[in-house]
There are 2 protein chains.
Amino acid sequence: MSSPQRSSRRSERSRRAILDAARELVVELGYAKVSIEAIATRAGVGKQTIYRWWPSKGAVVFEAVRALSENTDGELALPDTGDLEADLKLVLRATAAEFADPAFDALIRGLTTEVAHDPELAAAYAEHTARLEEAKRQRLRSGQRAGQLSPDADLDVALELLYAPLFHRWLLRTGPLTADYADTLVEAVLRAFPPPASVTAS
Amino acid sequence: MSSPQRSSRRSERSRRAILDAARELVVELGYAKVSIEAIATRAGVGKQTIYRWWPSKGAVVFEAVRALSENTDGELALPDTGDLEADLKLVLRATAAEFADPAFDALIRGLTTEVAHDPELAAAYAEHTARLEEAKRQRLRSGQRAGQLSPDADLDVALELLYAPLFHRWLLRTGPLTADYADTLVEAVLRAFPPPASVTAS
């Protein structure tokens, strides 16, 4: 007798196997050459299992990318240890490492091309991006409440100053994407939006 | 009798007419539909005049773009009134306005596509970009000497923080490219790399 719980665990295992297979295959073959059939074979499931959860190859690959930025509960949140500088460095170092990783590069370039042709996928991607941006703003707000960032800081500008230089180096290959570079950006942005002196002194 | 001086003035007039015609036509028709013949007709010169100075359509359009960032002596230099913040705001506002201008947008997108297919043009473009970057670093160095920017500032990082957010907004259309936004970026970057306190107080 298979309990609902065991069946749900099996589903979760299949889901992860499919997403891992999709990621691996895009990296090995390039997005264009990956088929739903190849993903199913690699994941050890039937094609129907994939089509039950996702309408297209683009949707599976998008989910594989999205899963990279979600925690185990499927929530989007940046680490919050109470130390804004340390948390931002952790996140920005991870972003720099992702951008520098050929596997991630292949995933994102494949997905970007697909998004250009698939309005439904484009909408899902835009929604995901908006959720990610909001998670980042939440972490900055928490830093403002803790007196580690100016309460007047324009959070969108602060996020652009953190992320746009990384994106620029990645897209145009104008410089190395290192942990040092991530740290330099975080430190510069925190200096640009300092908390009120009275708060830092306390 | 035509003096050498008058002939050189006439050459300069033809050169400007050709560059203006190239710019206008790319904006009106899109890069792909512009021909050397159409540029010659619009500029009121013979095709041979164009081919005497430039080997290809891409080279003419590149020159038209380059001319936008050179002063009347053909030199690349940022304004230097002695006030780094004011000068950077002037330059970054102009950059934001350029990016926001559909005419510039058409030129740059056309040129970018051409650069991808034409190694000679790509080399010229890379050289121009390097000269432009050096002119920007020069202005920041002059600001360091004037005690308006930290002598320890990494000038490449400072430039990325100034320009990458503008580029990002332009490329991905994620926000308005306004004078206010340019000012916000300049102010943030100057706060991120403040001069030593003793110098500001003097």
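Residues numbered from 1 in each chain as written. Chains lettered and ligands numbered in written order. Predicted model: local features only at pLDDT ≥ 70, side-chain atom pairs only at ≥ 80, totals over all residues. Heavy atoms only, no water.

Under an unreviewed UniProt entry, chain A has the name Transcriptional regulator and belongs to Saccharomonospora cyanea NA-134.

Student: An account of a positive patch on the surface is needed here, citing residue identities and associated values.
Tutor: Where like charges cluster on the molecular surface, the positive patch consists of R6, R9, R10 and R13 of chain A. Looking at the secondary structure, you find R6 of chain A in helix α1 (residues 4–29). (Patch = residues over 30% accessible without salt bridge, like charges linked within 9 Å, V, L, I, M, F, W, Y side chains within 5 Å. Areas by Shrake-Rupley, 256 points an atom, 1.4 Å probe, with all protein chains shown as cover. Salt bridge = Lys/Arg side-chain N within 4 Å of Asp/Glu carboxyl O. Lys, Arg positive; Asp, Glu negative; His and termini not counted. Charge placed at Lys NZ, Arg CZ, Asp CG, Glu CD. Helix = DSSP H or I, 4+ residues; strand = E, 2+ residues; numbered from the N terminus.)

Student: Describe the confidence of the model for chain A, naming the residues involved and giving the relevant values.
Tutor: Per-residue pLDDT for chain A averages 87, and the proportion of residues at 70 or more is 92%. Note on residues 198–202 of chain A: pLDDT is under 50 here. Beyond four places in sequence and across chains, it has two contacts. (pLDDT = per-residue confidence, 0-100. Contact = heavy atoms within 4.5 Å.)

Student: Just give me the short version of the packing of aromatic side chains, but keep the residues and values in it.
Tutor: All names here are of chain A. Taken as a whole and judged by the stated rule, the model has 10 aromatic pairs over all chains. Consider the rings of F99 and W170, whose centres lie 4.9 Å apart with planes at 25°: the pair is stacked. Here W170 lies in helix α8 (residues 155–172) and F99 lies in helix α5 (residues 84–100), a separation of 71 residues in the sequence. Summarising the burial analysis for this pair, F99 and W170 share the class buried. Summarising the aromatic geometry, the rings of F167 and W170 are spaced 6.0 Å apart at their centres and angled 50° between planes, so their arrangement reads as tilted. Placement of the pair is F167 and W170 together in helix α8, with a separation of three residues, close to one helical turn. Classification of F167 as buried rests on a relative accessible area of 13%. (Phe/Tyr/Trp six-rings, centres within 6.5 Å; stacked < 30°, edge-to-face > 60°. Buried < 20%, exposed > 50% of the residue type's maximum accessible area, 1.4 Å probe, protein only.)

Student: Run through the interface of chain A and chain B, naming residues and quoting values.
Tutor: Reports of interface size often rely on the accessible area that becomes lost once the parts have come together. Each partner contributes to the interface: chain A provides 17 residues, whereas chain B provides 17 residues. Contact between chain A and chain B buries roughly 1,600 Å² in total, counting both sides, with carbon and sulfur atoms accounting for 72%. Taken together, the connections running from chain A to chain B amount to two salt bridges. E160 of chain B is the salt-bridge partner of R169 of chain A, the closest N and O atoms lying 2.8 Å from each other. (Buried area = accessible area lost by both parts, 1.4 Å probe.)

Student: Hey, could you go over the packing of helix α8 (residues 155–172) of chain B against helix α9 (residues 179–192) of chain B for me, with residue numbers and the actual values?
Tutor: Residues and elements named next belong to chain B. Contact pair α8 / α9: the axes reach a minimum separation of 9 Å and the direction vectors enclose 155°. With respect to α9, the element α8 is oriented roughly antiparallel. For the crossing formed where α8 meets α9, the hand is right-handed. Between α8 and α9, the residues in contact are A158, L161, L162, P165, L166 and R169 and Y181, L185, V186 and V189, respectively. Split into classes, the residues belonging to the contact of α8 with α9 amount to nine nonpolar, no polar and one charged. (Axes fitted to C-alpha atoms, helices over the stretch in contact; angles between N-to-C directions. Parallel < 35°, antiparallel > 145°, perpendicular 65-115°, else oblique. Left-handed = near helix turned anticlockwise from the far one by under 90°. Nonpolar A, V, L, I, M, F, W, Y, C, P; charged D, E, K, R; others polar.)

Student: Before we move on, could you go through the relation of the copies chain A and chain B and cite the residues and values that matter?
Tutor: Once chain A has been moved 0.0 Å along the axis and rotated by 180°, it coincides with chain B to within an RMSD of 0.0 Å. What we have between these two chains is a two-fold relation. It is A192 of chain A whose C-alpha, among those of chain A, lies nearest the rotation axis, at 2.1 Å. A high fraction, 100%, of the interface residues of chain A reappear at the interface in chain B, so the copies pair face to face through one surface. (Least-squares fit on C-alpha atoms with pLDDT ≥ 70 in both.)

Student: Explain the nonpolar core residue by residue, including any values.
Tutor: Grouped together as the largest cluster of nonpolar side chains are 118 residues, with contacts concentrated most on I50 and F193 of chain A together with I50 and F193 of chain B. When neighbours within four sequence positions are excluded, F193 of chain B is seen to be in contact with A188 and R191 of chain A together with L149, S150, A153, D154, V157, A158 and L161 of chain B. (Core = buried A, V, L, I, M, F, W, Y, C linked by side-chain atoms within 4.5 Å.)

Student: Any details on the UniProt feature "DNA-binding region" (unreviewed entry) in chain A? Residues and values, ideally.
Tutor: Sequence positions flagged by UniProt for "DNA-binding region" (unreviewed entry) are, in local numbering, residues 35–54 of chain A. Helix and strand shares over residues 35–54 of chain A are 75% and 0% respectively, and the end C-alpha atoms of the span are 13 Å apart. (UniProt positions renumbered as here; feature names shortened; annotations may be inferred.)

Student: How would you explain the domain arrangement of chain A if you had to name every residue and give the values?
Tutor: All names here are of chain A. Here the domain parsing of chain A yields domain 1 (1–68) and domain 2 (79–202). Computed from C-alpha coordinates alone, the two centres of domain 1 and domain 2 are separated by 28 Å. Tallying the contact residues gives 12 residues for domain 1 and 14 residues for domain 2. Of the roughly 1,200 Å² buried at the junction of domain 1 and domain 2 (both faces included), carbon and sulfur atoms supply 82%. (Domains from an automatic or database assignment.)

Student: Run through helix α2 (residues 36–43) of chain B, naming residues and quoting values.
Tutor: All names here are of chain B. Taken together, the buried positions of α2 are occupied by I36, I39, A40 and A43. For α2, the angular spread of buried residues about the axis comes to 100°, placing them on one side. Just past α2, the residue G44 takes up positive phi, approximately 70°. (Arc of directions from axis to C-beta.)

Student: Please give an account of the packing of helix α5 (residues 84–100) of chain B against helix α7 (residues 119–145) of chain B that cites residues and values.
Tutor: All names here are of chain B. The contact between α5 and α7 brings their axes to 10 Å, and the two run at 160°. Classified by the angle their axes make, α5 and α7 are roughly antiparallel. In the crossing of α5 with α7, the sense of the turn from one axis to the other is left-handed. Across the interface between the two elements, L84, D87 and L88 from α5 touch R139, L140 and G143 from α7. Among the residues making up the contact of α5 with α7, the classes are represented as three nonpolar, one polar and two charged.

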